[in-house]
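Summary of the model geometry
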Amino acid sequence: MSGGDLLGISITGLNLSQSALRTAGHNIANANTEGYTRQSVLAEANPEQFLGSGFVGTGVSVSSIERQANQFVINQLRDDTALHHEQQTFLDSASQLDNLLSNPALGLSDAMQRFYAALQTGSDNPTSIAARQMVISEGQSLVDRFNSLNERLSDINSSLNQQLDGGVRDANALLESIATYNVAISRSSSTNSLPNDLYDKRDQALLELSKLVGIRVNQLSDGQVNVSLTSGDALILSGTVNKFDVVNSPDIPGNKEVAIMTNIGPKVISNKITGGDIGGILSFRGGMLDKAFNEIGRIATSLAGSFNAIHEQGLDLNGDFGNRMFSDINSEDAIRTRVLYSPENKPPFNRDMTLEIVDPSQLTGSDYRVEIEEGSQRFSIVRVSDGETVVSNLLTGRTPQNVEFDGLKMTFNGGVFQQGDKFYLQPTRGMSDALSFDLIDPEELAFAKPLIGQSELGNLGNGEISFGEVLDLTSVSGTDLPLFAMPGQIDPPMVIRFTSDNRFDVLDNSDPNNPKHLEPPIRNQLYVAGQNNDIFGTSPGELMLVAEGESLGLGSAEASATKTDNQYPAERFIFTRITDNSIGTSEQYSVVTQGGDSAAEIAAQLSSVPGVSVNAWTQARLNTISFDNYPADPMATADLPDLKLNGISLLETTVDENGTVVLANNVPSPDDQLDFQRYIAGRIDELFAGQGINASTLTESGTTFLKVVDSKGNDIELEISNAQAVVSDGVSANTLTINDTSPHTTVGGRFDITFDDGVTVKTIPTPSNLLGDVISFDPEKFNQTIDGSSYQLTYRGIQAQIKGTPQEGDGFTITFNRDAASDNRNIMSLVNLEMNATLNRGKASLSDVYGLLVEDVGIRTGSSKINASASEGVLEQSVALRNSISGVNLDEEAANLIKYEQMYSANAQAIAVARDIFERLINSV
Amino acid sequence: MVRISSIDIFNIANSSMQKSNTEIAKTQQQLSSGQRVLTPSDDPVASLKIMELDNELSRIDQYNKNIDSAENTLQQTEGLIDGVIDIIQRVRELTIQAGNTGVNTSAQYDALANEVEGRLEELLNISNSRDANGDFVFSGFKGEIQPFSGNAEDGFEYHGDDGQRRVKTANNSTLAVSNSGRDVFLDIPSANNTVFGYASESNQGEVSISVPQVVDQTSYDAFYPEDFVIRFNAVGDVSPPRMTYTVTERSTGNVIVEQQNYNQGEKITIQGVSLNMIGNPATGDTVVVESSNKQDLMTTLANLVNAMRGVKDNQSGKQEITKVVADTLNNLNNAQVKMLGVMSSLGARQNSLQTTRELHIDSELYSRQALADLRDLDYAEASTRLAMQTMILEAAQASFVRVTSLSLFDRL
């Protein structure tokens, strides 16, 4: 009631103080209510009236009951809450992981140590069944440890999924209530005053929501708010509510993702959520848990891969090759389960893709996304950890098509692949679960190596051969190498025979009485005393071409009256070397040899081509040597028989009492051919010592031959006078006779050409007189036919070394290591794996990688501790700031009570005075 | 801030008390476990190093075990070689006795032969010794196969191989712990060029060869170092059909003698080497006589025994014995040199084990020290810290009580 009179004014005062008291009481009652903003009454003086003598006041009225809130501070508080919850949740989960990995009963570290210790004990006592059994038990324990670690990680993952479920449910409930408050507020805001408590409730709901996800809030003019994620995706927009949902991850099975329900279906927004518990869970899972799964899987993969490879190359107690020790990292099942097909891929659903692990040391541990691009036939593979595109190739459409990257090989095996197809590759995640220890019998542990190199008892020199290594059991194309193809034997057993002090052949020793050359041959190899000499080639793709041209040796040579050359024709050799396999670029080199070039000269020229090396040697044989007329009567110097090799006379001479030059006394008569040839061989060895030429006699099919070998491939020039001899070259059937009429001939050499992987040759003319005719493909000899020429693979998959000073005639055998129960070489290789860098491209061992994982988890947990405590401090400050503005101070309210009580009393007193005045006025009339 | 709400008065006290409690709990845990680093997040870099040190200590432990076992093996081998050296000494004495050709009679030679044969058996036993696991010491890699078999008449055969087992004694070193029988007993230089014979493994029929002896050293020396091969021809090659053999030089194929009649057990001499063969060979079977500049110790003793058993009481017989005695003394010397060489190698290896063991002791000490520095708790610091934290908590609690008891309502 307005009015200029005292009564009316006092009543307004009473009203005000009643409102104020009520407000103070409301504040006191709600002092501990969460989210309550204290309210205060705003009083306004009533408009004044003009009463002639001046303006007179008309009392007071409540202009509004104000909510003491600062919207900026409320927003700040909400953001700080979201941040702190995210970090606290992250810390809680990270600590779980941290404790798990370092727990000695659960972590991998001491289980691996015990396994290595068992291996060492086994290598000390290879025949002990008890020690072998220990290896099997510890191996099984190690695998159990991997499996149980995987289980614990899965448990953490499941509990995260459950927390996501719960969080999403709560968030949805909050969204609903916020929407309800929105409506209520917009209805009540039609008046000038604000429904304070509704605002409080809505702010509280928004605060609770921000504990779950980080949000942005926009005020609308009608008092409603729009709520969206920090990324901008709308949750509440002009009255429409988009709820959350939990869906299965299209990428990683077993993971759940958070999605928003839009009008076109659920839209996965996991990677866009920051802040709040849900943000913390997702950030932990993607940043630490998934990585832990993959790293542990990577360790398991490398363990199984490297141990299996070595174990399968060894021999067990039964003399058989070892079986796999751990599960197969490229089993039919494993290579398929690593590829996940996106649920959005269109039918037909007959796609078949596999992912094999070809080199565990190159694994990165990351997952990969594969996409076949729309609008082109290209597909790309992106590494998830750093976002880099590792492959971008054309999809040929012809299966199988494969591509290699990061130690993996992905193959499109069959089915229909279409544009827009998406795939997710998980190379390592499943391995720690799939790991198993596959050996049961202690006799099945392969501790021995399959071959043993030994020197023959009759050796005169002091060369030593190493025991021998197996490098590979399969060739580049995946077929078995023939050396160990049959169980229990080596095919063929080999012997290394020194043909002189620094040249050796490696021969097939299947019949020790009759060793023959290998296919392809290893012959005329140079030996260097004073260092370790490798016997075999180690390049899996290396090829050899044995030159078998018609012109070689005695092919085109003739006996002639004058000095002649080896009559080799000139030829052009064109070498092609592939420089980039994926594109198919190559380089070409052309070499032209001159007519008459010796094998040594040809070898030198061809070896100058990169990727080519040539080994040349020359053999000449003489038999049926006879003198024309010696001793003649009378003797004349002109009748002296002579045999010259490379221009040097081989028959010793002396001067007799008449002054005639005659043969020396120690020169035997050629009537005893063997004796005579032995003499010549001795002379050649003496005269040509150090030049790589040596001679010996040999008997074949009843004929004795004098064999001269030039191990460098130089031509052998022969000249005879007053005598005759039959010349052959020891390989072909060609012979010729040199005699007084045609005393000269020159025998040329032969050569073997070795090509690096990717190098081939063509000749002009074709067929080549030097290399020979095209040989048709013979799969028995593991040949390859490239452009019509037949090449043989040199790689045998083994290696041995010889050092020391062997002598001519010394031999070293390479045989199957039968009954070798005490051989511990293979298990020593397994023991050495502990310290070997088998991961990270040869920079880290298994223990190193595990240690790095634990350290990484520790660092991130440690820094998240700091973050959580920092954000807690910031949150506390925000809370304090908000409370200082909006919080109820009981003392203050108590003071207010007193104040307004006094005000009430004063106004009541004023009413009493007004009544008094009235009474006095009434009573005076 | 000018205002403070009532809630905050409680909140501040509450949260600071909670924080103190958490800190105290952590310190308690450290004190009761004795470790400073409880989880990797406490000190990630240190925990990585701790793991590495733990691994290193566990490896050192294993290496020490390996060294112990290697030492046992080497000591056992040493004992066996000692025994062999004793035998060589004794046989040397007997050989010198046998050199008294003027005095000794056939009977005395027989007695000497018996004793030497006894020693030979001892030698065989030593060479076929087994270790604690039941494996043969001198078989190389073929640990379950007896290395030596044979006797004085038929010669000896080695069934083992050249393998040498190694154990890992430190991160980057391995040590050979075995010596193959071939290395110890067969690889002894012989006084003269000598031979050994064997029937080829690929023979279809059955033929064996006695121990070939060099009876004409000069002839044989001229032929040395070639080997020769006795090859059995087809029965129908000659008329009337009978088994014949042809001897050729192995490396060249040059014929030495052709189509000799084969008579079982007949002593034949080829290139100064005397041998006999028994059995029924098939066509194409071969017997090889290889030259060698080495003679095994068993054969040396066997030659002495055979010579003394078969001694003839005449001038040439005595000359033969004298020669055999000279050769035997020479070979025994070489064998002793070999055995001493093996002993010194065993000794050197044991020394190296000792050095490695000492290195491991040092390494272990340093590692444990480093581990303690990183992982173990400094009790003095922790107790002081606990005292301070307790004091802070008490102060917080006391002030909480004081501050919260102040309220205006109490005074209304």
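Residues numbered from 1 in each chain as written. Chains lettered and ligands numbered in written order. Predicted model: local features only at pLDDT ≥ 70, side-chain atom pairs only at ≥ 80, totals over all residues. Heavy atoms only, no water.

Once that is clear, we can look at the overall build of chain B. Within chain B, the secondary structure is distributed over eight helices and 13 strands. A compact globule built from 412 residues should have a C-alpha radius of gyration of about 22 Å, whereas chain B, at 41 Å, is more than 25% larger. In terms of principal-axis extent, the alpha carbons of chain B reach across some 150 × 55 × 30 Å. Counting all 412 residues of chain B, 45% fall into the buried class. When contacts within chain B are restricted to residue pairs at least 6 apart in sequence, those whose partners lie at least 24 apart make up 66%. Roughly 20000 Å² of accessible area belongs to chain B as shown, and the carbon and sulfur atoms make up 50% of that amount. (Helix = DSSP H or I, 4+ residues; strand = E, 2+ residues; numbered from the N terminus. Rg over C-alpha atoms; globule rule 2.2 N^0.38 Å. Buried < 20%, exposed > 50% of the residue type's maximum accessible area, 1.4 Å probe, protein only. Contact = heavy atoms within 4.5 Å. Areas by Shrake-Rupley, 256 points an atom, 1.4 Å probe, with all protein chains shown as cover.)

Residues and elements named next belong to chain A. Across the sheet, three strands lie side by side as β21-β46-β26; this open sheet has antiparallel pairing. Looking at strand neighbours, the two that pair on one side only are β21 (462–465) and β26 (533–534), the edges of this open sheet. Judged from the two bridges that link them, β26 and strand β46 (residues 801–805) form a sheet pairing that is antiparallel. Opposite Asn533, over in β46, you have Ile802 as the bridge partner. (Pairing = 2+ DSSP bridges.)

We now examine the pattern of salt bridges. When their charged atoms lie close together, side chains carrying opposite charge are able to pair. Under the criterion given, the structure shown has 61 salt bridges over all chains. Notably, a salt bridge pairs Arg38 of chain A with Glu892 of chain A, separated by 3.8 Å at the nearest N-O pair. One end of the pair, Arg38 of chain A, is in the loop between α1 (6–29) and β1 (39–45); the other, Glu892 of chain A, is in helix α13 (residues 890–924), with 854 residues separating them in the sequence. With its nearest N and O atoms 2.8 Å apart, the salt bridge here joins Arg351 of chain A to Asp421 of chain A. On the criterion of sequence distance, the pair formed by Arg351 of chain A in the loop between β12 (339–341) and β13 (352–357) and Asp421 of chain A in the loop between β18 (408–414) and β19 (422–425) is long-range, its members being 70 residues apart. Linked by salt bridges that have partners in common, Arg90, Glu93, Glu115, Arg119 and Glu122 of chain B make up one network. (Salt bridge = Lys/Arg side-chain N within 4 Å of Asp/Glu carboxyl O.)

Looking now at the interface of chain A and chain B. Counting residues at the interface gives 79 residues for chain A, matched by 67 residues for chain B. Interface of chain A and chain B: buried area, both sides summed, is about 5800 Å²; carbon and sulfur atoms make up 50% of it. For the pair chain A and chain B, the interface holds five salt bridges. With a shortest N-O distance of 3.3 Å, Lys865 of chain A and Asp42 of chain B are connected by a salt bridge. Those elements giving two or more residues to the side of chain A that touches chain B turn out to be α2 (71–102), α3 (109–124), β20 (451–455), α10 (673–687), β35 (693–700), α11 (825–832), α12 (846–886) and α13 of chain A. Here the side of chain A that touches chain B gets 20 residues from one element, more than from any other, and that element is α12 of chain A. (Buried area = accessible area lost by both parts, 1.4 Å probe.)

Attention now moves to the packing of aromatic side chains. If you walk through the whole model with that rule in mind, you get 30 aromatic pairs over all chains. Between Phe196 of chain B and Tyr198 of chain B, the ring centres sit 6.3 Å apart and the planes meet at 25 degrees, which makes this aromatic pair stacked. Ring pairing ties together the aromatic residues Phe115, Tyr116, Phe307, Phe326 and Phe437 of chain A, which thus form one cluster. (Phe/Tyr/Trp six-rings, centres within 6.5 Å; stacked < 30°, edge-to-face > 60°.)

The next thing to look at is the nonpolar core. Within the largest apolar cluster, 103 residues are counted, with the highest numbers of intra-cluster contacts made by Leu97, Phe244, Phe307, Phe326 and Met410 of chain A. Setting aside residues no more than four positions away along its own chain, Phe244 of chain A makes contact with Val168, Ala171, Asn172, Leu175, Val213, Leu229, Leu235, Val258, Ala259, Ile260, Met261 and Ile269 of chain A. Counting 51 residues, the second-largest nonpolar core is a separate cluster that includes Leu112, Ala113, Val137 and Val184 of chain B. (Core = buried A, V, L, I, M, F, W, Y, C linked by side-chain atoms within 4.5 Å.)

So, on to the environment of Val506 of chain A. All names here are of chain A. Within the secondary structure, Val506 is located in strand β24 (residues 503–508). Sequence spacing of Val506 and His517 is eleven residues, and the spatial spacing of their C-alpha atoms is 7.1 Å. Discounting residues that sit within four places of it in the chain, Val506 has contacts with Met494, Val495, Ile496, Leu518, Ile522, Ile535 and Phe536.

All names here are of chain B. With an omega of 10 degrees, the peptide bond between Tyr224 and Pro225 qualifies as cis. Of note, Pro225 is situated in the loop between α5 (217–223) and β8 (228–232). Residue Ser239 is joined to Pro240 through a cis peptide bond whose omega torsion reads 0 degrees. Checked against the element boundaries, Pro240 lands in the loop between β8 and β9 (244–249).

All names here are of chain B. Here chain B is partitioned into domain 1 (35–188 + 297–376) and domain 2 (193–294). Once you take the C-alpha centre of each, domain 1 and domain 2 turn out to be 35 Å apart. At the junction of the two partners, domain 1 supplies eight residues and domain 2 supplies five residues. Buried area between domain 1 and domain 2, both sides added, is near 480 Å², and the carbon and sulfur share of it is 48%. By the criterion of area lost to domain 2, the three top residues of domain 1 are Asp187, Ile188 and Asn303, representing 45% of everything that side buries. Linking domain 1 to domain 2 there are one salt bridge. In this structure, the connection of domain 1 to domain 2 is made through one residue pair in polar contact (both at pLDDT 80 or more). Taken together, the residues that form the side of domain 1 that touches domain 2 break down as two nonpolar, two polar and four charged. (Domains from an automatic or database assignment. Polar contact = N/O pair within 3.5 Å; in protein donor to acceptor, adjacent residues only side chain to side chain. Nonpolar A, V, L, I, M, F, W, Y, C, P; charged D, E, K, R; others polar.)

As a further point, take the pairing of β46 of chain A. Two strands pair when backbone bridges link them, and β21 of chain A and β46 of chain A are joined in this way by four bridges, in the antiparallel orientation. Bridge pairing links Glu464 of chain A to Lys803 of chain A in β46 of chain A.

On to the packing of α3 of chain A against helix α4 (residues 129–188) of chain A. All names here are of chain A. The N-to-C vectors of α3 and α4 enclose an angle of 165 degrees; their axes lie 8 Å apart at closest approach. The pairing of α3 with α4 is recorded here as roughly antiparallel in orientation. The way α3 lies across α4 gives a crossing that is left-handed. On α4, the residues touching Asp110, Ala111, Met112, Arg114, Phe115, Ala118, Leu119, Thr121 and Gly122 of α3 are Ala131, Met134, Val135, Glu138, Gly139, Leu142 and Arg145. (Axes fitted to C-alpha atoms, helices over the stretch in contact; angles between N-to-C directions. Parallel < 35°, antiparallel > 145°, perpendicular 65-115°, else oblique. Left-handed = near helix turned anticlockwise from the far one by under 90°.)

A few words now on the environment of Thr399 of chain A. Residues and elements named next belong to chain A. Relative to the helices and strands, Thr399 is located in the loop between β16 (389–394) and β17 (401–405). Looking at Thr399, the relative accessible area reads 37%, which means it is partly exposed. In sequence terms Thr399 and Asp367 are 32 residues apart; their C-alpha atoms lie 24 Å from each other. Among residues more than four places away in sequence, those in contact with Thr399 are Phe412, Asn413 and Gly414.

Moving on: the sheet that holds β12 of chain A. All names here are of chain A. Strand order in the open sheet made by the five strands is β12-β19-β14-β15-β16, with antiparallel pairing throughout. Of all strands in the sheet, those with a lone pairing partner are β12 and β16, marking the two edges. Geometrically, the sheet is characterised by an average inter-axis angle of 20 degrees between neighbouring strands, direction not taken into account. Sheet analysis places strand β15 (residues 378–383) next to β16, joined by five bridges and oriented antiparallel. Along β16, the bridge assignment pairs Ile381 with Val391.

For the rest of this paragraph, the subject is the pairing of strand β39 (residues 735–738) of chain A. Looking along a regular strand, one sees the side chains alternate between the two faces of the sheet. Residue and element names in this part refer to chain A. Only one face of β39 is covered, namely the face carrying Leu736 and Ile738; the face carrying Thr735 and Thr737 is uncovered. Summarising the sheet, strand β38 (residues 723–728) and β39 pair through four bridges and their orientation is antiparallel. Bridged to Val727 within β39 is Leu736. What sits between β38 and β39 in their antiparallel hairpin is a turn of six residues, with Gly730 showing a positive phi close to 80 degrees.

Residue and element names in this part refer to chain B. Positionally, Lys338 belongs in helix α7 (residues 315–375). Among the residues examined, Lys338 registers a relative accessible area of 18% and is labelled buried. With near-sequence residues (within four places) excluded, Lys338 lies in contact with Asp183, Val184, Asp187 and Ile188.

Below, the discussion takes up the confidence of the model for chain A. Averaged over all residues, the pLDDT of chain A is 87; the fraction at 70 or higher stands at 96%. Low pLDDT (under 50) marks residues 774–782 of chain A, which in the prediction has 16 contacts with non-local residues, meaning those over four places away or in another chain. (pLDDT = per-residue confidence, 0-100.)

Residue and element names in this part refer to chain B. Axis separation between helix α2 (residues 44–98) and helix α3 (residues 106–127) bottoms out at 10 Å; the angle between their running directions is 165 degrees. When the axis of α2 is compared with that of α3, the two are roughly antiparallel. Classified by chirality, the crossing of α3 by α2 is left-handed. Each of Leu80, Gly83, Val84, Ile87, Arg90, Val91, Leu94, Gln97 and Ala98 in α2 lies in contact with α3, whose residues at this interface are Tyr109, Leu112, Glu115, Val116, Arg119, Glu122, Leu123 and Ile126. Taken together, the residues that form the contact of α2 with α3 break down as eleven nonpolar, two polar and four charged.

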